[in-house]
Amino acid sequence: MERQKALAVTEAVLFAVGESVTLDKLADILEVEKKEMREIIAQLKEKYEDEERGILLIELENSVQLVTKDIAYEYLVKIAKTPPKQTLTDTVLETLSIIAYKQPVTRGEIEKIRGVSCDHAINKLLEYDFIEEVGRLDAPGRPLLFGTTEQFLRSFGVKSIGDLPSMSPELVEDMKAQAEEEISLKVDV
């Protein structure tokens, strides 16, 4: 393998893995002798030390790893403290709206309305702190009840659940018709 390509592949592997990789493993991946792998590592290490870069290559016994330089620490802390942007898919939004309007509601009730499993959507909503467990239904199996949180109210700009927009009778009828159509399609299959 040509040296430039070997350097690039080694760098890409170390970056993608994010933790230490043994020299033997790298040599296997690049299909080179261990001696040549050591030369590649030495060349990469020298390149990171010579240039003004935010990362460097360190050696740990018989392994190597890409790590950030100390000068970048305070900036990495800033980015790590920035909360990730939450993206809500249609499925998650639909599940959230059912919970908001019918709370407290069980997973089974949500699935009955949606017609499909809602495990992923509920887990995402719990992760985003938009919903929480608010108790258990006094029924066989004592299923969990879900309701919205203060974070939900803040994120959607409402002061209370009572401030949610009311659904027009036409919209309710459209939703019922759409649900019945989906059910009939599933029955036909």
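Residues numbered from 1 in each chain as written. Predicted model: local features only at pLDDT ≥ 70, side-chain atom pairs only at ≥ 80, totals over all residues. Heavy atoms only, no water.

(A) Structural view of helix α3 (residues 34-50). Taking 1.5 Å of rise per residue, 17 residues should cover 24 Å, and α3 covers 24 Å from first to last C-alpha, within 8% of that figure. Turning to α3, its buried residues are M37, I40, I41, L44 and Y48. Each buried residue of α3 sits inside an arc of 100 degrees when the element is viewed along its axis, so together they form one side. Of the exposed residues in α3, the ones pointing more than 90 degrees away from its buried face are K35, E49 and D50. Where α3 is buried, its residues touch α1 (3-17), α2 (23-30), β2 (55-60) and β3 (63-68). (Helix = DSSP H or I, 4+ residues; strand = E, 2+ residues; numbered from the N terminus. Expected span 1.5 Å × (residues − 1). Buried < 20%, exposed > 50% of the residue type's maximum accessible area, 1.4 Å probe, protein only. Arc of directions from axis to C-beta. Contact = heavy atoms within 4.5 Å.)

(B) Structural view of the packing of α2 against α3. Taken N-terminus to C-terminus, the directions of α2 and α3 make an angle of 100 degrees; their axes are 9 Å apart at the nearest point. Comparing the axis directions of α2 and α3 gives the class roughly perpendicular. Listed contacts from α3 to L23, D24, L26, A27 and L30 of α2 are K34, M37, R38, I40 and I41. Residue classes in the contact of α2 with α3 are distributed as seven nonpolar, no polar and three charged. (Axes fitted to C-alpha atoms, helices over the stretch in contact; angles between N-to-C directions. Parallel < 35°, antiparallel > 145°, perpendicular 65-115°, else oblique. Nonpolar A, V, L, I, M, F, W, Y, C, P; charged D, E, K, R; others polar.)

(C) Main features of unusual backbone geometry. Between Q103 and the following residue, P104, the backbone shows a cis peptide bond with an omega angle of -5 degrees. Following the sequence through the fold, P104 ends up in the loop between α5 (90-102) and β4 (105-106). Even without glycine at this site, E31 takes up a positive phi of about 60 degrees. You can see E31 is positioned in the loop between α2 and α3. With phi around 60 degrees, D129 is a residue other than glycine that occupies positive phi space. Tracing the chain through its elements places D129 in the loop between α7 (119-127) and β5 (131-136). A relative accessible area of 38% means that D129 is categorised as partly exposed.

(D) Quick look at the sheet that holds β4. Strand order in the open sheet made by the three strands is β4-β6-β5, with antiparallel pairing throughout. Single-partner strands in this sheet number two, and they are β4 and β5. Its contacts with the sheet put α7 on β5 and β6 (144-148), and the angle it makes with β5 is roughly 110 degrees. (Pairing = 2+ DSSP bridges.)

(E) Summary view of the layout of surface pockets. Put simply, the second largest pocket is a space of about 150 Å³. For the second largest pocket, the full set of lining residues is L93, L96, S97, A100, Y101, F152, F156, V158, L164 and P165. Elements that contribute at least two residues to the lining of the second largest pocket include exactly α5 and α8 (150-156). Residue contributions to the lining of the second largest pocket peak at five residues, all from α5. (1 Å grid on protein atoms, 1.4 Å probe; cavity = no way out; pocket = protein on both sides within 12 Å on 5 of 7 lines; lining within 4 Å. Points joined across faces, edges and corners; volume = space filled by probe spheres on them.)

(F) Geometry of the nonpolar core. In this structure, I99, I110, L125, I131 and F152 are the most contacted members of the largest nonpolar core, which totals 19 residues. Counting residues per element, this core draws most heavily on α5, which supplies five residues. Beyond its immediate stretch of four places on either side in the chain, I99 contacts V105, I110, L125, I131, F146, G147 and T148. L30, V32, I41 and L44 belong to the second-largest nonpolar core, a separate cluster that totals 18 residues. (Core = buried A, V, L, I, M, F, W, Y, C linked by side-chain atoms within 4.5 Å.)

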